[in-house]
Amino acid sequence: MLFIVGASRSGSTLLERLLNELPGVMSVGELQRVWRRGFIENQLCSCGQPFHDCLFWGEVRQRLDADGVVDAGAVDALSRRAFKRGLWPRPMGEAILTHWSRLFGAIADVSGARWLVDSSKDPVYAAQLAHLPGFQTRYLHLIRDPRAVAYSKMRRRLRPEIHWAEAYMATRSAWASAGSWNRTHRMAEAAHKAVDRPWHRLRYEDLAADPRAVLSPLVSALNLPLTDADPLAFLGQGVARVGVGHSVSGNPMRFDHGELRVVPDQEWRHALPRRSRFEVSLRSYVGLRRYGYIGGKHD
């Protein structure tokens, strides 16, 4: 398993879309939400089909049902308690660990992938699943400038996966966004110390500016089933050629396929209100310095 951890609106959907194109890798999106958004609510898979009609997830469900019908509501409730931030760290109960092990095992069997990418981003969830039996786990700590994150969270965006009604992604004030960004990365750093697993830190800005340079070390580290072909041949100048995937939750861009534009999103620099920029810079000053956003090329 390859867990992406970090704050929301940090570019994790872009990262998982690119990773999904590597040989032996499959991204399943924000899997932490699959019981509620997939099994119960039947939201759209990124292939464009409702979860229950998606052929890939249909095979996963068949494998799960072969061992007994899964009560998705009960598993979702257990998971919410197990991954609650205020209760971490603590050992996971055997019941919840069994459900997640079965789910990951079924996905691995159907996909045939060597690595599954989970972009849930929640450090508590990722840390709790560090020792899933039968799986190697690695972590990608994805960081994005908190001012860019705040601007993204202030924008109202449609959620196409809610196919039965008009729904929008949640918004937050700049001050609240900065607080969430701070807490998430503090928790990610704590998880790094706790899980004792390979951990790689990367910035969204570097990924968007030069995805080949960022992904090349990962290709080597993951020991992928490579041929003589360039595994990063899908990357072009400012674009990536991506296929249809099967992620269960994430940014609306997960529904796009074909040529995907890959360039740094700098809109926040002129569109984020001055007061909001000041609030985020003030509240996230320590993190801005720690991750190189003050006094460096991203400032």
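Check the entry above for the structure.
As the structure is a computational prediction, the values presented were derived from the model and not from experiment.

*Asks:* Please clarify how the overall build of the protein should be interpreted in this entry.
*Replies:* Looking only at helices and strands, the protein has 13 helices and seven strands in total. Computed over its C-alpha atoms, the radius of gyration of the protein comes to 19 Å, within 12% of the 19 Å expected for a compact globule of 299 residues. Taking the principal axes of the C-alpha coordinates as reference, the protein spans close to 55 × 50 × 45 Å. Within the span of the protein, comprising 299 residues, buried residues form 54% of the whole. Taking all contacts inside the protein whose residues are at least 6 apart in sequence as the whole, residues at least 24 apart take part in 77%. Accessible area of the protein: about 13,700 Å², with a carbon and sulfur share of 49%. For the protein, the centre of its 42 positive side-chain charges and the centre of its 30 negative side-chain charges are spaced 8 Å apart.

*Asks:* How should I be thinking about unusual backbone geometry in this particular structure?
*Replies:* If a residue is not glycine, its phi is most likely negative; likewise, a peptide bond is most likely trans. Of note in the backbone geometry, Arg9 takes a positive phi value of approximately 60 degrees without being a glycine. Residue classification places Arg9 among the buried positions, given a relative accessible area of 13%. You will see that Lys121, though not glycine, has its phi angle at about 75 degrees, which is positive. Along the chain, Lys121 falls in strand 3 (residues 115-121). Taking relative accessible area as the criterion, Lys121 reaches 8% and is therefore assigned buried.

*Asks:* Even after reading the chapter, I still don't get a positive patch on the surface, so can you show me in this structure?
*Replies:* A surface patch of positive charge is lined by Arg172, Arg183, Arg186 and Arg283. Mapped onto the secondary structure, Arg186 falls in helix 8 (residues 174-195). Judged by its relative accessible area of 56%, Arg186 is exposed.

*Asks:* What's the story with helix 1 (residues 12-19) in this structure? I'm lost.
*Replies:* Within helix 1, eight of the eight residues are buried, which leaves it mostly tucked inside the rest of the structure. Taken together, the buried positions of helix 1 are occupied by Ser12, Thr13, Leu14, Leu15, Glu16, Arg17, Leu18 and Leu19.

*Asks:* Hey, could you run me through the nonpolar core in this one?
*Replies:* One recurring pattern in soluble globular proteins: nonpolar side chains tend to sit buried together. Of all hydrophobic cores here, the largest spans 44 residues; its most connected members are Leu31, Trp57, Trp100 and Phe104. Every element with two or more residues in this core is listed here: strand 1 (2-5), strand 2 (25-29), helix 2 (34-40), helix 3 (55-66), helix 4 (72-82), helix 5 (94-111), helix 6 (123-128) and helix 8. Counting residues per element, this core draws most heavily on helix 5, which supplies eight residues. What Trp57 contacts, discounting residues up to four positions off in sequence, is Val28, Leu31, Cys45, Phe51, Ile107, His246 and Val248.

*Asks:* Explanation requested: the sheet that holds strand 3 in the structure shown.
*Replies:* To summarise the sheet geometry, strands pair through backbone hydrogen bonds and adopt either a parallel or an antiparallel arrangement. Pairing within the open sheet is parallel, and its five strands lie in the order 2-3-1-4-5. Whereas interior strands pair on both sides, the edge strands pair on one side only; in this sheet they are strand 2 and strand 5 (199-203). Going across the sheet, the axis of each strand differs from the next one's by a mean of 25 degrees, ignoring polarity. Direction of pairing for strand 1 relative to strand 3: parallel, over a ladder of three bridges. Looking at strand 3, one finds that Val5 is bridged to Lys121.

*Asks:* What should I look at first to understand the environment of Pro198 in this one?
*Replies:* Topologically, Pro198 is positioned in the loop between helix 8 and strand 5. Residue Pro198 is classed as partly exposed on the basis of its relative accessible area of 38%. Put simply, Pro198 and Ala221 are 23 residues apart on the chain and 9.7 Å apart in space, counted from C-alpha to C-alpha. Contact partners of Pro198, with chain neighbours within four places excluded, come to Thr137, Arg138 and Tyr139.

Parameters at a glance
- Residues numbered from 1 in each chain as written.
- Predicted model: local features only at pLDDT ≥ 70, side-chain atom pairs only at ≥ 80, totals over all residues.
- Heavy atoms only, no water.
- Helix = DSSP H or I, 4+ residues; strand = E, 2+ residues; numbered from the N terminus.
- Rg over C-alpha atoms; globule rule 2.2 N^0.38 Å.
- Buried < 20%, exposed > 50% of the residue type's maximum accessible area, 1.4 Å probe, protein only.
- Contact = heavy atoms within 4.5 Å.
- Areas by Shrake-Rupley, 256 points an atom, 1.4 Å probe, with all protein chains shown as cover.
- Lys, Arg positive; Asp, Glu negative; His and termini not counted.
- Charge placed at Lys NZ, Arg CZ, Asp CG, Glu CD.
- Patch = residues over 30% accessible without salt bridge, like charges linked within 9 Å, V, L, I, M, F, W, Y side chains within 5 Å.
- Salt bridge = Lys/Arg side-chain N within 4 Å of Asp/Glu carboxyl O.
- Core = buried A, V, L, I, M, F, W, Y, C linked by side-chain atoms within 4.5 Å.
- Pairing = 2+ DSSP bridges.
- Axes fitted to C-alpha atoms, helices over the stretch in contact; angles between N-to-C directions.

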